[in-house]
Amino acid sequence: MESKYHYFKRDISWLSFNHRVLLEADDDSLPLYERINFVSIYSSNLEEFYKIRVAEHKAIASGGHSDDITQEEAKHLIHQITEVVNEQMEDRIRIYERKLIPALREQQHVVFYQSKQEVEPVHTEFIRNFFKEEIFPYLQPVPVCKNRIKTFLRDNRLYLSVRVIRRDTGEKEYYIIKLPYSKVPRFIELPRVGEYFYLMYMEDIIKANIDRMFPGYELDCSYCCKISRDADIFVDDAESSEKMVEQLKKKVKKRKIGAVCRFVYDRKMPVDYLEFLVDAFDINRDELVPGDKHLNLEDLSHLPNPNRGNEAPVKPVPMKLNYLDEKESIFRYVNKHDLLLHFPYHSFDHFIHFLYEAVHDPSCKEIMITQYRVAENSEVINTLIAAAQNGKQVTVFVELKARFDEENNLATAELMEKAGIHIIYSIPGLKVHAKVALVLRRNKEGKQVRSYAYISTGNFNEKTATVYADSGLFTSNEVIVNDLHTLFRVLRKEVAEPKFKRLLVARFNLLPELRRRIGYEINMAKAGKEAHIILKMNALQDPAMIDELYKASEAGVKIDLIVRGICCLIPGQAYSKNIRITRIVDSFLEHARIWYFLNGGKPLLFMGSPDWMRRNLYRRIEAVTPVMDEELKQEMIDMLHIQLRDNQKAGWVDENLKNVLKKNPNEEPVRAQYAFYEYLKEKNDRNRL
């Protein structure tokens, strides 16, 4: 029997989120370079999407096996994705070319030459000399012919394809030129003239001088193009951890030569030109994605800003808690109260301080922590190494299968092993996505004394902690500490069937408790009492849990979803009439997972690492803690309500996957990220008094 419930397709929903990112670039109230950066983020997101999701669908469409989607469904989905991306490209062109480029000239006095025809005579000689001295030595035009060995196009590298005509025979010839990224910046700063600054793309400087590269030829035309390749890595989960390490080392090196998943080209390229390249490089027609004149716009994150010194800081500066200054012991504070940090509003230095205390505390005998994504030259890792060198027993679970972080995780794991840290590698068949740390303390007799647990929604990464909005809880609650110790014993394969009393752990007790909490709200609604659920997360995709929310909505439970990215639940239906979906995109990446249940007037708050996706709930180790301190619980509730009141950077996701911005000129403006920062700042100032 066919279910009455329906769901958005995961990938189409994700494209809706990425379009919301692009819309930030269309917001005239934001600083100009911040808007330009959103174009960069949009482009970077889309690149990864093609390398992973679209590449997977193409493999299935070509005959690969999948339990989730048929070959025909994969083909249809690829077609849908292409249609949506092409629609978004029109918005991207409008925003970038017709709004941002003119705004650079008007607001910042930055002139961005887009072609040779725009160049003022005063810069002609500079462009000619710069090409001759700085670019030309690194260029190597390679002839492209249908009947010769194929030239290999590297992943995500920008190429200039050139068509020239021999003067003696009139024949057309094609060449491909790889842009020398490592030798020359993408954006070239030209000499300033008066109050104006001038910039030019590297490829446009090449185009302006390309006739110098082909003596004896007439230049016909030139266009940029690029290849995106499958970047996913599959390892044999049946292998041992040691063999998995060796597999990853080999496969990471081959990532750049994966199967082609898209060929992006300047949409102004003539049809006959495109057909030639498609045949010459053996490109499938369904891999063609029309782009703009300038590709790889993720590079805009490095766009020179000659007026940077004149800009006032726009983002909140991470604050340090007044009661946790350099002299105050976090251990001593957490002995009396749970401690809740919110990044990037609070400084990540507090977590580093926590680890340093463990390094120097004589009673601290053991430190355990998970590593999913850490910064390069990580202060967290350096502190753990210091702990090992100071005689502490340090155990780090390293998730090798963290996509795009495999190499960094391998390198840091080897570094830690050399320092005497015990490394536990990936568990075959599972990813460990939990963000947890444990400090175990013992007295002289070896008996465990007051110890400390840290459960977070984000990674132990001091770099991303400045741009990802996450929360982390310190507690010395004995039950939670023991639960977390049990979890690490599971990771060490010392316990096969663990029992957790308060900590919720995916694949063990998380799903039963979530169903129980939703069920309780349903019973309250059926009894005519107030029932409310607020769920904040990055993604909601699991059909089974969506069905639970549909049932709760049908029973009369009010449900507010704050979902940044993928959301497969469809609002506005008879079975979802009590559900609203809010999406917030602003200066920081909303990354926290926080769940609220009214619970008959005695609210329950949970926070942790999992989204409600199949992979998180069924195929990963995830950890969630209840927030038990009443003051901190109220702080979390206040944060959720501030986000629901956001009418500047929040929008509804409607039944057509459109982002409907909540802006209402008749309401007092609320920009949640900045409002919550002020909320925390006021609370911190009160603690100083």
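Residues numbered from 1 in each chain as written. Predicted model: local features only at pLDDT ≥ 70, side-chain atom pairs only at ≥ 80, totals over all residues. Heavy atoms only, no water.

(A) Examining the pairing of strand β9 (residues 288-291) more closely. Along β9, one buried face is formed by Leu288 and Pro290 and the opposite face, lined by Val289 and Gly291, is buried too. Across four bridges, the pairing between strand β8 (residues 260-266) and β9 is parallel. Opposite Val264, over in β9, you have Val289 as the bridge partner. Taken together, β8, helix α7 (residues 271-280) and β9 form a β-α-β motif whose crossover is right-handed. (Buried < 20%, exposed > 50% of the residue type's maximum accessible area, 1.4 Å probe, protein only. Helix = DSSP H or I, 4+ residues; strand = E, 2+ residues; numbered from the N terminus. Pairing = 2+ DSSP bridges. Right-handed = clockwise from strand over helix to strand, strands pointing away.)

(B) Expanded view of the pattern of salt bridges. Within the structure shown, the criterion is met by 47 salt bridges. One salt bridge in this structure joins Arg163 and Asp220, with 2.6 Å as the shortest N-O distance. With a gap of 57 residues between them, Arg163 in strand β3 (residues 159-166) and Asp220 in strand β7 (residues 217-229) connect regions that are remote in the sequence. Put simply, Asp26, Asp28, Arg35, Asp91, Arg94 and Lys99 are held in one network by salt bridges that share partners. (Salt bridge = Lys/Arg side-chain N within 4 Å of Asp/Glu carboxyl O.)

(C) Seen up close, helix α9 (residues 349-360). With 12 residues, α9 should cover 16 Å at 1.5 Å per step; its first-to-last C-alpha distance of 17 Å lies within 8% of that length. Taken together, the buried positions of α9 are occupied by His350, Phe351, Ile352, His353, Phe354, Leu355, Glu357, Ala358 and Val359. (Expected span 1.5 Å × (residues − 1).)

(D) Seen up close, the side chain of Arg92. Relative to the elements of secondary structure, Arg92 occurs in helix α3 (residues 71-108). Of the residues examined, Arg92 reaches a relative accessible area of 5% and is grouped as buried.

(E) Local environment of the packing of aromatic side chains. Counted under the stated rule, the structure contains 38 aromatic pairs. When the ring of Phe351 is compared with that of Tyr454, the centres are 4.9 Å apart and the planes differ by 40°; the resulting orientation is tilted. Taken together, the positions of Phe351 in helix α9 and Tyr454 in strand β16 (residues 448-456) put the pair 103 residues apart, joining distant regions of the chain. For the pair Phe351 and Tyr454, a shared accessibility class is recorded, and that class is buried. Joined through ring pairs, the aromatic side chains of Phe331, Phe343, Phe348, Phe351, Phe354, Tyr452, Tyr454, Phe460 and Phe474 make up one cluster. Of note, Arg262 hangs over the ring of Tyr50, and the distance from its end group to the ring centre comes to 4.5 Å. Between Arg517 and the ring centre of Tyr520, over which it is positioned, the NZ or CZ distance is 5.8 Å. (Phe/Tyr/Trp six-rings, centres within 6.5 Å; stacked < 30°, edge-to-face > 60°. Lys NZ or Arg CZ within 6 Å of the ring centre and 35° of its normal.)

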